[in-house]
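The residues making up each chain are set out below.
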Amino acid sequence: MNSKSLSCEQVRRVDQIAIDEYGIPGIVLMENAGRGAAEKIHGVAPPGLITILCGKGNNGGDGYVIARHLELLGRSIQIVSTCEISDLSGDAKTNAEIAARSDIPIQKVDESSRLQLILDPAATIVDGLLGTGSKPPLRGMYADLVRAANNQPCMRIALDIPTGMNADTGEAIDPTFIADHTITFVAPKTGFASPNASKHIGQVHVVSIGVPSKLLRSIG
Ligand SMILES: NC(=O)C1=CN([C@@H]2O[C@H](COP(=O)(O)OP(=O)(O)OC[C@H]3O[C@@H](n4cnc5c(N)ncnc54)[C@H](O)[C@@H]3O)[C@@H](O)[C@H]2O)[C@H](O)CC1
Ligand SMILES: [K+]
């Protein structure tokens, strides 16, 4: 990994400074993240359906953007969401509404047996459940969804961090998403260098979200 690693706190600070001091709207950061991630996913995902798991925060928000761009790239996609669009907020809600208006298929799951029915064993799974806002260990349905995803015989791609991982230490309490590829935003996370992390992160791809290099240099 050629980029300097950052902690979750540092990356969240990049986000906030970009918005508050540089005036880059959060929705622009999310669009850059999602479009960049979609292009990486298109490059590594085998032919066929791509199922995007979307959680209730901005990690899920990235997933709604990714779905729109993968469809534009000609890929077959479906979104599996852990909550109603009305339960989302901010940029994630905006992008969920855009996806719904675009007739992108969105199915809500409230427990994992339903997910087993939805998941096509051959379909690539994209993990947009939890990112830097995660406080492991996983609770309730998120733990069940990660176990169900890990049991599928398909490629798995994590967005920003594998759900369940402590991205600062690399600690991966069971269950933690097991990714073949991790598409991470701004910079690799500090914990990715830990031996505990390697089984879960797979190949790491860093995607820029359009933050100026002057800001990146200022993060110590
Ligand atoms: N600068 C950037 O890197 C950008 C990052 N983006 C993406 O935003 C997420 C972070 O989003 P956030 O809304 O802060 O949190 P999450 O989506 O990670 O978590 C959502 C929500 O989930 C709840 N939660 C926390 N821990 C648990 C748990 N153990 N079990 C169940 N639920 C949990 C909690 O309420 C959280 O708030 C980042 O990773 C990127 O993907 C931006 O899109 C672009 C800029
Ligand atoms: K994730």
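Small disclaimer: the values here were computed from a predicted structure and weren't measured.

Colleague: Help me understand the nonpolar core in this model?
Modeller: Nonpolar side chains in soluble globular proteins generally cluster together in the buried interior. Membership of the largest hydrophobic core comes to 39 residues, with the highest contact counts inside it found for Ile41 and Ile52. At the level of elements, α1 (8–20), α2 (26–44), β1 (50–54), α3 (58–72), β2 (77–81), α4 (90–101), β5 (156–159) and β6 (181–185) are the ones that each hand at least two residues to this core. When residues in this core are grouped by element, the largest group, five residues, is from α2. Val109, Leu138, Tyr142 and Ala158 belong to the second largest nonpolar core, which has 21 residues in total.

Colleague: Just checking my understanding: could you explain the pattern of salt bridges for this structure?
Modeller: When their charged atoms lie close together, side chains carrying opposite charge are able to pair. This structure, assessed with the given rule, holds six salt bridges. Across the pair Arg101 and Glu97 runs a salt bridge, and its minimum N-O distance is 3.8 Å. Taken together, the positions of Arg101 and Glu97, both in helix α4 and four residues apart, correspond to about one turn of that helix.

Colleague: Any chance you could explain the side chain of Asp160 here in plain terms?
Modeller: Here Asp160 shows up in the loop between β5 and β6. When neighbours within four sequence positions are excluded, Asp160 is seen to be in contact with Asn59, Thr132, Thr182, Ile183, Thr184, Phe185, Lys189 and Phe192.

Colleague: Which parts of the structure should I look at to understand the coordination of the potassium ion (ligand 2)?
Modeller: Any two of four tetrahedral donors ideally make an angle of 109.5 degrees at the metal, while pairs among six octahedral donors ideally make 90 or 180 degrees. In this structure, Asn59 (OD1), Asp127 (O), Asp127 (OD), Asp127 (OD), Leu130 (O), Leu159 (O) and Ile161 (O) serve as the protein donors to the potassium ion (ligand 2), at separations of 2.6 to 3.2 Å. Each donor residue of the potassium ion (ligand 2) belongs to the same chain, and together they define the spacing N-x67-D-x2-L-x28-L-x1-I. Taken together, the residues Asp127 in strand β4 (residues 124–128) and Ile161 in the loop between β5 and β6 connect sequence positions 34 residues apart. Classification of Ile161 as buried rests on a relative accessible area of 1%.

Colleague: Explain the site of ligand 1 to me, please; I cannot follow it from the model alone.
Modeller: Taken together, 23 residues lie near ligand 1, and Asn59, Asp62, Gly131, Lys135 and Asp160 sit nearest. Here an oxygen atom of ligand 1 and a side-chain polar atom of Asp160 are 2.7 Å apart. Look at ligand 1: alone it shows 870 Å² of surface, and the protein chains cover 86% of it. Comparing atom positions with the cavity grids shows ligand 1 to sit within the largest pocket. Where the shell around ligand 1 is concerned, the elements lending two or more residues are α1 and α3. Here the residues of the shell around ligand 1 are counted per class, giving nine nonpolar, seven polar and seven charged.

Colleague: Is there a simple way to think about α1 in this case?
Modeller: The α-helix advances 3.6 residues per turn, and as a result positions three or four apart in sequence lie on the same side. With 13 residues, α1 should reach 18 Å at 1.5 Å per residue; the first-to-last C-alpha distance of 18 Å fits that figure. Those residues of α1 that sit buried are Cys8, Gln10, Val11, Val14, Ile17 and Ala18. Of the surrounding secondary structure, the elements contacted by the buried residues of α1 are α2, β6 and α8 (213–218).

Colleague: Looking at this model, I keep getting lost on the packing of α2 against α4. Mind explaining?
Modeller: The axes of two packed helices give the description: the angle between them and the distance between them. One way to put it is that α2 packs onto α4 with a least axis distance of 9 Å and a crossing angle of 60°. Classified by the angle their axes make, α2 and α4 are oblique. The way α2 lies across α4 gives a crossing that is right-handed. In contact with Gly26, Ile27, Met30 and Glu31 of α2, α4 contributes Asp91, Ala92, Thr94 and Asn95. Taken together, the residues that form the contact of α2 with α4 break down as three nonpolar, three polar and two charged.

Thresholds applied
Residues numbered from 1 in each chain as written. Chains lettered and ligands numbered in written order. Predicted model: local features only at pLDDT ≥ 70, side-chain atom pairs only at ≥ 80, totals over all residues. Heavy atoms only, no water. Core = buried A, V, L, I, M, F, W, Y, C linked by side-chain atoms within 4.5 Å. Buried < 20%, exposed > 50% of the residue type's maximum accessible area, 1.4 Å probe, protein only. Helix = DSSP H or I, 4+ residues; strand = E, 2+ residues; numbered from the N terminus. Salt bridge = Lys/Arg side-chain N within 4 Å of Asp/Glu carboxyl O. Contact = heavy atoms within 4.5 Å. Donors = N, O, S within 2.8 Å, 3.2 Å for Na, K, Ca; no water. Near = heavy atom within 4 Å. Polar contact = N/O pair within 3.5 Å; in protein donor to acceptor, adjacent residues only side chain to side chain. Areas by Shrake-Rupley, 256 points an atom, 1.4 Å probe, with all protein chains shown as cover. 1 Å grid on protein atoms, 1.4 Å probe; cavity = no way out; pocket = protein on both sides within 12 Å on 5 of 7 lines; lining within 4 Å. Sits in = over half its atoms within 2 Å of the grid points. Nonpolar A, V, L, I, M, F, W, Y, C, P; charged D, E, K, R; others polar. Expected span 1.5 Å × (residues − 1). Axes fitted to C-alpha atoms, helices over the stretch in contact; angles between N-to-C directions. Parallel < 35°, antiparallel > 145°, perpendicular 65-115°, else oblique. Left-handed = near helix turned anticlockwise from the far one by under 90°.

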